[in-house]
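Remarks on the overall topology
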Amino acid sequence: MVHAKAQTVRPKAIKAGIFIRFLASGYDLLIIFGLLFIAFIPIVIAKQYLGDTPKWLETLLIVTICYAYFAGFWNKAGMTTGMRPWKLQVAMIETGDHP
């Protein structure tokens, strides 16, 4: 008697509409703006006492915060906070698997 392994078949991915994608992006942008606002408070205070800070330092801070937000959420859950209300995930269209 041979038992065949039961394979779980993932449903094919469904493409999200452009309106839902814009809503998720807007939600994520609000969160990123809030994080950047909080992160730049010490820099604004330092500018008052120490003078002007290098522009590359501010750019590096912006890039680091944005990268940490998106990479952290995509690695942990496969979706960002903006994608969760609409149950959006980054997936392969043919198989539905995560890349």
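Residues numbered from 1 in each chain as written. Predicted model: local features only at pLDDT ≥ 70, side-chain atom pairs only at ≥ 80, totals over all residues. Heavy atoms only, no water.

Look at helix H2 (residues 55–77): 33 Å from first C-alpha to last across 23 residues, which is about the 33 Å you get at 1.5 Å a residue. Within H2, the full set of buried residues consists of Glu58, Ile65, Tyr69 and Ala71. Buried positions along H2 lie against helix H1 (18–50). Gly78 lies just past H2 and shows a positive phi near 80°. (Helix = DSSP H or I, 4+ residues; strand = E, 2+ residues; numbered from the N terminus. Expected span 1.5 Å × (residues − 1). Buried < 20%, exposed > 50% of the residue type's maximum accessible area, 1.4 Å probe, protein only. Contact = heavy atoms within 4.5 Å.)

Right, let's talk about the packing of aromatic side chains for a bit. Overall, the coordinates contain four aromatic pairs when judged by the stated rule. A ring pair is formed by Tyr69 and Phe73, whose centres lie 5.1 Å apart and whose planes are at 65°; its orientation type is edge-to-face. Remark: Phe73 and Tyr69 occur in helix H2; sequence separation between them is four residues, near one turn of the helix. Overall, Tyr69 belongs to the buried group, its relative accessible area being 5%. Taken together, a centroid distance of 5.3 Å and an interplanar angle of 35° make the contact between Phe70 and Trp74 tilted. Taken together, the positions of Phe70 and Trp74, both in helix H2 and four residues apart, correspond to about one turn of that helix. We classify Phe70 as partly exposed; its relative accessible area is 25%. (Phe/Tyr/Trp six-rings, centres within 6.5 Å; stacked < 30°, edge-to-face > 60°.)

The next subject is a nonpolar patch on the surface. There is a patch of nonpolar side chains on the surface, built from Ile18, Phe19, Phe22, Leu23, Tyr27 and Trp86 and spanning about 650 Å² of accessible area. Within the secondary structure, Trp86 is located in the segment after H2. (Patch = residues over 30% accessible without salt bridge, like charges linked within 9 Å, V, L, I, M, F, W, Y side chains within 5 Å. Areas by Shrake-Rupley, 256 points an atom, 1.4 Å probe, with all protein chains shown as cover. Salt bridge = Lys/Arg side-chain N within 4 Å of Asp/Glu carboxyl O.)

Moving on: the nonpolar core. Among the nonpolar cores identified, the biggest contains six residues, and these are Ile32, Leu36, Phe40, Ile43, Ile65 and Tyr69. With four residues, H1 is the largest single contributor of residues to this core. Setting aside anything within four residues of it in sequence, one finds Leu36 in contact with Ile62 and Ile65. (Core = buried A, V, L, I, M, F, W, Y, C linked by side-chain atoms within 4.5 Å.)

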